[in-house]
Amino acid sequence: FLFEGGAEYYASFGGERMRSGARIVSTAGNQAAHEVRIVVTGPAGKVVTPPTVMVLKSVAGEEAQSSDSWIPPDATGPFRVTVELVRDGKVIDRLAHEVNIWRPNPMPHFITTRDGDFWLNGKKWYAHGVNYMPSSGIGIEDGEYFEYWLNPRSYDPDIIERDLADCEAMGLNAVSIFQYHRSLSSRNLIDLLVRCRNHKLKVNLSLRPGTPMDFPWDTVREMIEQGRLAENDDIFVYDLAWE
């Protein structure tokens, strides 16, 4: 069966190379050869890159893995990555997920401040939101899993999407979220910000670790630059001392 499969990230800026692949696990008694097919389709279901086909040999109780790479088109997403495990011509397992593309708004509308208020498009804007962490963390005793929820082990875009849809349905217009520098390489914040935009949620973004009294500018700057956060008009404030 497929232990893991898909693209390296859930989001991209477009036009940049990304790995994709699969890890399989076998419980069968004999060595067997399997075919892994990876197909990337666009919003209309059209195949956008030539399908990747890999052959993996598995032994009972062991893992086998392989990977290739592709370049998400510099176009509006999302793209869907589907991984199929094939044996004797039949699909025996399948995994699929989206890859969102973040693009800066060509006509950005940044929230500004004036006279003690936030302003958007010439009108006062009031944040009506919540501190957001995914519902999958409720009751979790694993501190690492709970706190570093933008890390690959914890981040599940299906749960995030459901939660943010609930926030929008409740009439909220903002969420407060946080990213640790150690989560930067996962690029999950990019996916999260795309989903916030889709649900009309402005973002109060906490950049960690550090406080104004002990301010690690190098790591904060790296998060801003690599995430292209200064170009993102969905972010209305940086939080540098959460609570």
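Just above sits the structure.
Cut-offs used in this document
Residue positions within a chain follow its written sequence, with the count starting from 1. Owing to the predicted nature of the model, reporting of local features is limited to residues with pLDDT of at least 70; listing and counting of side-chain atom pairs is limited to 80 or more, with chain, interface and lining totals taken over all residues. Think of the side-chain values as coming from all heavy atoms in the structure, minus any hydrogens and water. Think of it this way: any DSSP run of H or I at least four residues long counts as a helix, any run of E at least two long counts as a strand, and we number them from the N terminus. Using a 1.4 Å probe on the protein chains alone, a residue whose accessible area is under 20% of its type maximum counts as buried, one over 50% counts as exposed, and one in between counts as partly exposed. Here a residue-residue contact requires only that any non-hydrogen atoms of the pair lie within 4.5 Å. Throughout, the Shrake-Rupley method with a 1.4 Å probe supplies accessible areas, and for residues the shown protein chains are the sole cover considered. Positive: Lys, Arg. Negative: Asp, Glu. His and the chain ends are not part of the count. Working definition for charges: the position is that of NZ of Lys, CZ of Arg, CG of Asp or CD of Glu. Pairing of aromatic rings covers Phe, Tyr and Trp, the last counted by its six-membered ring, and requires centre-to-centre distances within 6.5 Å; plane angles under 30 degrees mean stacked, over 60 mean edge-to-face, and any other angle means tilted. Geometrically, a charge over a ring is one whose NZ (Lys) or CZ (Arg) sits within 6 Å of the ring centre while staying within 35 degrees of the ring normal. Note on terminology: disulfide denotes any pair of cysteine sulfur atoms within 2.5 Å. A pair of strands is considered paired only if DSSP assigns at least 2 bridges between the two. Here, axes are lines fitted to C-alpha atoms. For helices the fit covers the stretch in contact, and angles between N-to-C directions go from 0 to 180 degrees. Expected span of a helix: the number of residues minus one, times 1.5 Å. Here the arc refers to the directions that run from the helix axis out to each C-beta atom.

Student: Mind showing me how you'd approach the overall build of the protein here?
Tutor: Scanning the protein from terminus to terminus reveals 4 helices and 15 strands. For the protein, buried positions account for 42% of its 243 residues. By sequence separation, contacts in the protein at least 24 residues apart represent 70% of the contacts at least 6 residues apart. If you sum the accessible surface of the protein, you get close to 13200 Å²; carbon and sulfur atoms cover 51% of it. For the protein, the distance from the average position of its 25 positive side-chain charges to the average position of its 34 negative side-chain charges is 6 Å.

Student: It is not clear to me how the environment of M18 should be interpreted in this structure. Could you clarify?
Tutor: Looking at the element boundaries, M18 is found in strand β3 (residues 18-25). Put simply, M18 and P72 are 54 residues apart on the chain and 7.5 Å apart in space, counted from C-alpha to C-alpha.

Student: Teacher, can you tell me more about the side chain of S183 here?
Tutor: When you line up the elements, S183 lands in the loop between β13 (174-180) and α3 (188-198). In this structure S183 comes out as buried when scored by relative accessible area, which is 2%.

Student: What am I meant to see in unusual backbone geometry here?
Tutor: Glycine aside, negative phi is the norm for most residues, and most peptide bonds take the trans geometry. With an omega of 0°, the peptide bond running from G77 to P78 counts as cis. The backbone of D88 shows a phi angle near 55°, a positive value even though the residue is not glycine. Following the sequence through the fold, D88 ends up in the loop between β7 (79-87) and β8 (90-101). Within the chain, N121 stands out as a residue other than glycine whose phi angle is a positive 55°.

Student: How do you make sense of the packing of aromatic side chains when you look at a structure like this?
Tutor: Pairs of aromatic rings are described using the distance from one ring centre to the other and the angle between the two planes. Enumeration over the complete set of coordinates arrives at 11 aromatic pairs. Consider the rings of Y10 and Y155, whose centres lie 6.0 Å apart with planes at 40°: the pair is tilted. Here Y10, found in the loop between β1 (2-7) and β2 (11-12), pairs with Y155, found in the loop between α1 (143-147) and α2 (157-169); they are 145 residues apart in sequence, far enough to count as distant. When the ring of Y132 is compared with that of W149, the centres are 5.7 Å apart and the planes differ by 90°; the resulting orientation is edge-to-face. One end of the pair, Y132, is in the loop between β12 (129-131) and α1; the other, W149, is in the loop between α1 and α2, and 17 residues separate them in sequence. Each member of the pair Y132 and W149 is classed as buried. Linked through ring pairs, Y132, Y148, W149, F178, Y180 and W242 together constitute an aromatic cluster. Above the plane of the ring of Y9 lies R187, whose end atom (NZ or CZ) is 5.4 Å from the centre. When the ring centre of F13 is taken as origin, the NZ or CZ atom of R228, which lies over that ring, is 4.9 Å away.

Student: Would you mind showing me how to read α3 here?
Tutor: Given 3.6 residues to a turn, an α-helix orients residues that are three or four positions apart in the same direction. Of all 11 residues in α3, 9 are buried; the element is thus mostly enclosed. Within α3, the full set of buried residues consists of N188, L189, I190, D191, L192, L193, V194, R195 and C196. Structurally, α3 contributes buried residues whose contacts are with β2, β8, α2, β13, β14 (202-208) and β15 (235-239). One or two positions beyond α3, positive phi appears at K200, with a value near 60°.

Student: Sorry, what's going on with the state of the cysteines here?
Tutor: Cysteine pairs can be linked by a disulfide, which is a covalent bond between their two sulfur atoms. According to the stated counting rule, one finds 0 disulfides in the structure shown. Of all cysteine sulfurs, the one in C196 lies closest to C167, which takes part in no disulfide; the gap is 8.4 Å. Here C196 falls in the buried class, since its relative accessible area comes to 0%.

Student: Can you walk me through the sheet that holds β15 in this structure?
Tutor: Within a sheet, adjacent strands bond to each other through the backbone by hydrogen bonds, running parallel or antiparallel. Strand order in the open sheet formed by 4 strands is β12-β13-β14-β15, and the pairing between neighbours is parallel. Edge positions in the sheet fall to β12 and β15, since each has one partner strand and no second. Sheet twist, expressed as the mean angle between neighbouring strand axes with direction ignored, is 25°. With 3 bridges joining them, β12 and β13 adopt parallel strand pairing. Pairing of V130 across the sheet is with V175, part of β13. Where α3 meets the sheet, its contacts fall on β13, β14 and β15, and the angle it forms with β13 comes to roughly 175°.

Student: Looking at this structure, how should I read α2?
Tutor: Its 13 residues place the ends of α2 18 Å apart at the C-alpha level, agreeing with the 18 Å of an ideal helix rising 1.5 Å per residue. Those residues of α2 that fall on the buried side of the exposure criterion are P157, I159, I160, D163, L164 and C167. Take α2 and look down its axis: the buried residues cluster within an arc of 155°, on one side only. Away from the buried face of α2 by more than 90 degrees, exposed residues D158 and A169 are located. Against the buried residues of α2 lie β12, β13 and α3.

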